Amino acid sequence: MRWRVLGYIVLGVAAAALLAFLYFRTPDTDPAAMRAKYGAPPSRFVDLGGGLTVHVRDTGPRDAPVLMLIHGSNASLHTWQPWADRLDRRYRVIRMDLPGHGLTGPSPTGEYRATAFADVVERLRVKFGVDHIVLVGNSMGGGVAWHYALAHPDHLRALVLVDSVGQPDPGGATAPLAFRIARTPVLRNIAGAITPRSLIAESLPGAFGDPRYADAAMVDRYWELLRYPGNRQATLDRFALPPDSGTPQQFASLKLPVLILWGERDRLIPLSSAKWLQTHIPGSVLITYPGVGHVPMEEHADQSARDLDRFVQGLAR
């Protein structure tokens, strides 16, 4: 009798857990609705072969110098909109959603290493028939950018790293709640199905020196695109990979103009990483922004865009 009662209790707990899961489960967003909301012109969907179709925006004069912009972890090409608004009259500005992000959706190969992302950048460059680019990367996208520079230096005019990964074990960083959950084995499995908006609303403001930049529309965009079909699992797969860092020898081998832009209040990758990169990349130039967080192209758009423009114009001279 006792075992029967215990069995009923176990079944009751299991049923309650199942009901709780079904109640709190956050479904994927509808792809057509997301494309309508976040993929309107000038967005394009470019087939790179092998089952990969990439969400791209390509604006500005066709014969102008080319800026190719690579977003950070769990972001999308929209993070570069402030720069595109300020720069695409002078430059051809190409930006994309990397696999596992935004409207591109998951990688058909399931590969999310920075070197694989750099290969996507190269495939897009070839697809567009662009010979030389200024490659810009923020955060994780900075890692993609310097990996690309190591593999394809002949196609780069210059490299721009914006609050970029690279320094091994920088220390002093505070990962947002969403990142900490994604890196915790049991919790990250739950997060694959239960992803409340509050998780983004509590984490995203930490990317800014002034948290008010993370307004309701931005929180909605991050939350909805994270739930684009396949993106949550891609995020979990990506966070299971080792941290992306370089060696002093790799950075010393970069023989091209390099600009480093950094928010001094970056809580995700500390300012000390900017100084480490400048020390190890020969001839690199570092510009920092007081009071600014992890995404200066959004939070300090006017000045950071001017600094980029001055740097690129100086290449010609």
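To keep things clear, this report deals only with the structure shown in the data block. In this text, all values refer to a predicted model and were calculated from it rather than measured experimentally.

Some thoughts on the overall build of the protein chain
Link 1 in the chain: A count of helical and extended segments in the protein chain gives 14 helices and eight strands.
Link 2 in the chain: Buried positions account for 51% of the 317 residues belonging to the protein chain.
Link 3 in the chain: Considering only contacts within the protein chain whose residues lie at least 6 apart along the sequence, 74% involve residues at least 24 apart.

Some points on the side chain of Gln-167
Link 1 in the chain: Relative to the elements of secondary structure, Gln-167 occurs in the loop between strand S6 (156–162) and helix H6 (177–182).
Link 2 in the chain: The exposure class of Gln-167 is buried, given its relative accessible area of 15%.
Link 3 in the chain: A distance of 2.7 Å separates polar atoms of two side chains, one belonging to Gln-167 and the other to Ser-273.
Link 4 in the chain: Ignoring sequence-local partners within four residues, the contact set of Gln-167 consists of Ser-245, Ser-272, Ser-273 and Trp-276.

Focus on empty space enclosed by the protein
Link 1 in the chain: This structure, assessed with the given rule, holds one cavity of 30 Å³ or more.
Link 2 in the chain: Of the voids in this model, the largest cavity is the one considered here, and its volume is about 120 Å³.
Link 3 in the chain: Broken down by secondary-structure element, the contributors of at least two residues to the lining of the largest cavity are helix H9 (216–226) and helix H10 (231–239).
Link 4 in the chain: Ranked by residues supplied to the lining of the largest cavity, first place goes to H9 with four residues.
Link 5 in the chain: Across the lining of the largest cavity, the residue classes break down as four nonpolar, eight polar and one charged.

Brief notes about the environment of Leu-308
Link 1 in the chain: Within the secondary structure, Leu-308 is located in helix H14 (residues 301–316).
Link 2 in the chain: Using a relative accessible area of 1% as the deciding quantity, one classes Leu-308 as buried.
Link 3 in the chain: In this structure, the C-alpha to C-alpha distance between Leu-308 and Val-160, residues 148 residues apart in sequence, is 8.2 Å.
Link 4 in the chain: In contact with Leu-308, not counting residues within four places along its chain, are Leu-67, Trp-83, Leu-87, Val-136, Val-160 and Leu-259.

Concerning the pairing of strand S1 (residues 43–47)
Link 1 in the chain: Pairing of S1 with strand S2 (residues 53–59), which is carried by five bridges, proceeds in the antiparallel orientation. Bridge pairing links Arg-44 to Val-56 in S2.
Link 2 in the chain: What sits between S1 and S2 in their antiparallel hairpin is a turn of five residues, with Gly-49 showing a positive phi close to 85°.

What counts, and where the lines are drawn
- The residue numbers shown here count from 1 along each chain, following its written sequence.
- With the structure being a predicted model, the display of local features is reserved for residues of pLDDT at least 70 and the display and counting of side-chain atom pairs for 80 or more, all residues being used for whole-chain, interface and lining totals.
- To get the side-chain values, all heavy atoms of the structure are used, and hydrogens and water are removed first.
- Helical segments are the DSSP runs of H or I of at least four residues, strand segments are the runs of E of at least two, and each set is numbered from the N terminus.
- Buried residues are those whose accessible area, probed at 1.4 Å on protein chains only, stays under 20% of the maximum for their type, while exposed residues exceed 50% and partly exposed ones sit between those limits.
- The contact criterion used throughout is that any non-hydrogen atoms of two residues lie within 4.5 Å.
- Here a polar contact means two N or O atoms within 3.5 Å. Within protein one must be a hydrogen donor candidate and the other an acceptor candidate, and residues neighboring in sequence count only if both atoms are side-chain atoms.
- Cavities and pockets were defined on a 1 Å grid built over protein atoms only: a cavity is a set of grid points that admits a 1.4 Å probe from which the probe cannot escape, a pocket is an open set flanked by protein on both sides within 12 Å along at least five of seven lines, and lining residues are those with an atom within 4 Å of any such point.
- Grid points are joined across faces, edges and corners, and a volume is the space filled by probe spheres set on the points.
- Any residue that is not Ala, Val, Leu, Ile, Met, Phe, Trp, Tyr, Cys, Pro, Asp, Glu, Lys or Arg is counted as polar, Gly included; the first ten are nonpolar and the last four charged.
- Should DSSP find at least two bridges between two strands, the strands are taken to pair.

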